[in-house]
Amino acid sequence: MQISSRFTIAVHVLTCIDTFKNEKVTSEFLASSVQVNPVIIRKILSQLKAADIIKVQRGSGGSTIIKPLNEITFYDIYEAVECINNDELFHFHENPNQNCPVGRNIHHALDDKLQQVQTALENELKQITLQDVIDDTRKYIELKTLK
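A short tour of the structure in this document, coming up. (Residues numbered from 1 in each chain as written. Predicted model: local features only at pLDDT ≥ 70, side-chain atom pairs only at ≥ 80, totals over all residues. Heavy atoms only, no water.)

**As for helix α2 (residues 27–34)**
Move 1: Every buried residue of α2 is listed here: S27, L30, A31 and V34. For α2, the angular spread of the buried residues around the axis is 100 degrees, confining them to a single face.
Move 2: Positive phi shows up at Q35, right after α2, with a value of about 65 degrees. (Buried < 20%, exposed > 50% of the residue type's maximum accessible area, 1.4 Å probe, protein only. Helix = DSSP H or I, 4+ residues; strand = E, 2+ residues; numbered from the N terminus. Arc of directions from axis to C-beta.)

**Notes on the pattern of salt bridges**
Move 1: Applying the stated criterion across every chain yields a total of 6 salt bridges.
Move 2: Note that R6 is salt-bridged to E82, the shortest N-O span being 3.5 Å. With R6 in helix α1 (residues 5–19) and E82 in the loop between α4 (74–81) and α5 (101–125), this pair connects stretches of sequence that are 76 residues apart.
Move 3: Accessibility expressed as a relative area gives 27% for R6, which makes it partly exposed.
Move 4: Here K21 ties to D18 by a salt bridge, and the two come within 3.3 Å at their closest N and O atoms.
Move 5: Taken together, the shared-partner salt bridges connect D18, K21 and R138 into one network. (Salt bridge = Lys/Arg side-chain N within 4 Å of Asp/Glu carboxyl O.)

Structure below.
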């Protein structure tokens, strides 16, 4: 299992938007920091905007975060950019063999355990905020500047 890079790109983008808030933060600027195509950045910005995390001014306006940083959790970002079908993190294989005793019962054996893992992940994501990442980023930037 692997969460797509959309999540880490979104955290990177939000950290840039805050770090460079006194400058015009465009999709091209963000793409140069992340080193991906600006189209990917625009898609993520659109998703973050739809989740009411940022506002985007089209054209030359740039992007700004509209919620307090300590109120934006990893879970909020994850929900905004990850495409999870039916709110299920794990995709179960479609057609286990009903003639096999394992195939016939695998859903019963696994479903609640997979839900338990997903709930634990979501609860952990709710404990970390964008403010935590921005504080650490500032600390690392300052350490590099001092060297």
